[in-house]
Amino acid sequence: ILEMHMWLLFACQPQKSEDTGTTMDSATDTAEVLVEVDADGDGYPLWSSTTDIANADCDDNDPNITPLIERYIPAGTFQMGENMTPFSGPAHDVTLSDYCIDTYEVTNDQFAAFLQDLFEQGLDNVNEEGLELFDLDDDDDVFPQRIERVADGFIVVDGYNQHPVTEVFLWSGHTYCGWDAKQLPTEAQWEKAARGTDGRTYPWGDSMPDCDLTNFGFIGEQCIGDTVDIGSYPNGVSPYGVHDMAGNVAEWVSDWFGMDYYADSPEQDPTGPESGWFDDGQGNAFEARIVRSGNHATGAGDVQTHYRQPEPPEGSSNGIGFRCARPLE
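Model, not experiment: these values are computed from the prediction. (Residues numbered from 1 in each chain as written. Predicted model: local features only at pLDDT ≥ 70, side-chain atom pairs only at ≥ 80, totals over all residues. Heavy atoms only, no water.)

Novice: Any chance you could explain the pairing of strand β1 (residues 70-73) here in plain terms?
Specialist: Two faces make up the sheet, and in a regular strand the side chains alternate between them. Alternating residues of β1 divide into Glu70 and Tyr72 and Arg71 and Ile73, and every residue in both groups is buried. Two elements, β1 and strand β4 (residues 99-102), share four bridges in a ladder whose sense is antiparallel. Bridge pairing links Glu70 to Asp102 in β4. (Buried < 20%, exposed > 50% of the residue type's maximum accessible area, 1.4 Å probe, protein only. Helix = DSSP H or I, 4+ residues; strand = E, 2+ residues; numbered from the N terminus. Pairing = 2+ DSSP bridges.)

Shown next as C-alpha cells:
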C-alpha cells in the first residue's frame, strides 16, 4: 500500500489549467503567485491556495484528509456524454464548481465502522428512516457475505477488508457520505473525475481495457471473477489521480436517471432530473437512479467514462458500491 501511495504522489503527470492551459505543477507558473496555506501541518497546501492540483488538500482543518484520501477537481468545463452510446448523448459541455472526490471506493472496513457507529446509537443496520443499509440477507448470487452481524455489532469477513463495499442501496451511499460530512457525487462530478477534460473514453485514455488496467470482463471471461482490493490498478488511474473509476464495482451517483436528460440539462453544476424512469419498450420499466463505471462482471463498453446504467434505488448486488464527494466553497 505504501508503494501505491508513493506512486500516487510522485507519478501523476503535471496537470493543465482548464482556464489558461498553463502547467499546474508550481504556484510560480501563474502570473498571480499564490501564498500556499497548510493550516493542519500535513504537508499539503489548501486547495484554494495552490495550483499544484496533485497535492491540493481538500480539508486543511483535518491532517487525516490528504490527496491520498481525497482528490481535488478544479472548477472548469469538460465534455460530458457521448453520441453513439444509448442514453449517453448528446455529448455536451458542462461547467462544474470546485469539488473533491474520494481517491478510492468506500471499503468494507469503512462501511462496517459506519454500521458499528450507528449500532452503538441504537440503529441496527438501518438509517433514521428505518431503511436497511447493508443487505445482510443477500441470497441472490454465489458470492459470500463480506460484512456479518455479531452480538456486539458488525465485523468484516477476513480477506475482504479492503475490497469495495457492495450489497448497498442508493440510500446507503447517501447516509454513509452524510455521516462522513460529504455527499454522493453527482453524475457530472463523477464523470469529470473519471475522464478529465480531454474527452477520453476510459480513465487511462482511449486504449481498450485489459486486466492490467481494470477488473472487468463478462461472466466466464473475467479478470478476477470477484471484487479486489481498492487501488489494485494504478495503471488505470484517472487524469486526476482517482482510482477504480472503471470496473471492480459500479458506483451509485446521486442523480435520477432521465432517458433524454442530456438533451436539455443545465450547463452549470447539473444535479439530474427531479425524478427518474427507465423503460426499454420491452416490458422492462422501473423508477431509476444511476450507477457508473461497470464492475468485475461487465464488458469493455460498460467501463467507459461516459457509460450510464439505470438501476432501481432499492437494488443491491455484489457489483455496486460507491464513493463520496466533498463540495468546496
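More follows now that the structure is in view.
Novice: Looking at this structure, how should I read the packing of aromatic side chains?
Specialist: Centre-to-centre distance and the angle between the planes together describe a pair of aromatic rings. Evaluated as defined, the whole model comprises 16 aromatic pairs. Summarising the aromatic geometry, the rings of Phe119 and Phe154 are spaced 6.0 Å apart at their centres and angled 90° between planes, so their arrangement reads as edge-to-face. Here the residue Phe119 occupies a position in helix α2 (residues 108-120), and Phe154 occupies one in strand β6 (residues 153-156), the gap between them amounting to 35 residues. Overall, Phe119 belongs to the partly exposed group, its relative accessible area being 25%. (Phe/Tyr/Trp six-rings, centres within 6.5 Å; stacked < 30°, edge-to-face > 60°.)

Novice: Would you mind going over the state of the cysteines with me for this structure?
Specialist: Disulfides are covalent bonds that connect the sulfur atoms of two cysteines. This model, assessed by the stated rule, comprises three disulfides. For Cys58, the disulfide goes to Cys100, at an S-S distance of 2.0 Å. Its torsion about the S-S bond being -95°, the disulfide of Cys58 and Cys100 is classed as left-handed. Of the two residues, Cys58 sits in the loop between α1 (2-10) and β1 while Cys100 sits in strand β4, which places them 42 residues apart along the sequence. Disulfide partner of Cys177: Cys324, at an S-S distance of 2.1 Å. Taking the sign of the S-S torsion, -85° for the link of Cys177 and Cys324, the bridge is left-handed. Separated by 147 residues along the polypeptide, Cys177 in helix α3 (residues 170-179) and Cys324 in the loop between β12 (320-321) and β13 (325-327) bring together distant segments of the chain. (Disulfide = S-S within 2.5 Å.)

Novice: What am I meant to see in the pattern of salt bridges here?
Specialist: Note on pairing: side chains with opposite charge can pair once their charged atoms come close. Under the definition given, this model contains 13 salt bridges. Residue Arg149 is joined to Asp124 by a salt bridge in which the shortest nitrogen-to-oxygen separation is 3.3 Å. Of this pair, Arg149 sits in strand β5 (residues 147-150) while Asp124 sits in the loop between α2 and β5, and the two are 25 residues apart along the sequence. Residues joined by salt bridges that share partners form a network here, namely Asp59, Glu70, Asp102, Asp180, Lys182 and Arg326. (Salt bridge = Lys/Arg side-chain N within 4 Å of Asp/Glu carboxyl O.)

Novice: Explain the sheet that holds β13 to me, please; I cannot follow it from the model alone.
Specialist: Pairing between sheet strands relies on hydrogen bonds along the backbone, with the strands arranged either parallel or antiparallel. Overall, antiparallel pairing links the three strands, which are arranged β1-β4-β13 in an open sheet. Edge positions in the sheet fall to β1 and β13, since each has one partner strand and no second. Within the sheet, the average angular offset between the axes of one strand and its neighbour, ignoring direction, is 25°. Two strands pair when backbone bridges link them, and β4 and β13 are joined in this way by three bridges, in the antiparallel orientation. (Axes fitted to C-alpha atoms, helices over the stretch in contact; angles between N-to-C directions.)

Novice: Hey, could you run me through the confidence of the model for the chain in this one?
Specialist: Predicted coordinates in areas of low pLDDT are best not read in detail. When pLDDT is averaged along the chain, the result is 90; 90% of the residues meet or exceed 70. Taken as a whole, residues 1-31 scores under 50 in pLDDT and shows 59 contacts with residues more than four places along the chain or in a different chain. (pLDDT = per-residue confidence, 0-100. Contact = heavy atoms within 4.5 Å.)

Novice: Help me understand the sheet that holds β12 in this model?
Specialist: Here four strands make up an open sheet; going across it, the order is β11-β10-β7-β12 and the pairing mixed. Strands at the two margins of the open sheet, each flanked by one partner only, are β11 (308-311) and β12. In this sheet, β12 lies alongside strand β7 (residues 250-256) in parallel orientation, the contact comprising two bridges. Residue pairing for β12: Glu251 is matched across the bridge by Gly321.

Novice: Help me out: how do you make sense of α3 in this one?
Specialist: Within α3, burial applies to Leu170, Ser172, Gly173, Tyr176 and Cys177. In an axial view of α3, the angular spread of the buried residues amounts to 160°, which keeps them on one side of the axis. Residues of α3 that are buried make contact with α2, β7 and β10 (289-292). Two residues or fewer past α3, Ala181 is found with a positive phi of approximately 60°. (Arc of directions from axis to C-beta.)

Novice: Would you mind showing me how to read empty space enclosed by the protein here?
Specialist: If a probe the size of a water molecule is rolled over the atoms, the empty space left behind becomes visible. Following the criterion strictly, the structure yields two cavities of 30 Å³ or more and no others. In this model, the largest cavity occupies a volume close to 40 Å³. Every residue along the wall of the largest cavity is listed here: Met80, His92, Glu187, Asp255, Tyr261, Tyr262, Ser265, Pro270, Thr271 and Gly272. Broken down by class, the residue content of the lining of the largest cavity amounts to four nonpolar, four polar and two charged. Considered as a void within the structure, the second largest cavity measures approximately 40 Å³ in volume. The wall of the second largest cavity is formed by Trp204, Leu213, Thr214, Tyr233, Gly236, Val237, Asp244, Met245 and Ala246. Tallied by class, the residues present in the lining of the second largest cavity amount to six nonpolar, two polar and one charged. (1 Å grid on protein atoms, 1.4 Å probe; cavity = no way out; pocket = protein on both sides within 12 Å on 5 of 7 lines; lining within 4 Å. Points joined across faces, edges and corners; volume = space filled by probe spheres on them. Nonpolar A, V, L, I, M, F, W, Y, C, P; charged D, E, K, R; others polar.)

Novice: I tried to follow the pairing of β6 on my own but got confused; where do I start?
Specialist: Here β5 pairs with β6 via four bridges, running antiparallel. Among the inter-strand pairings, Ile147 is bridged to a residue of β6, identified as Val156. Where β5 hands over to β6, the hairpin turn is made up of two residues, counted between the paired strands.

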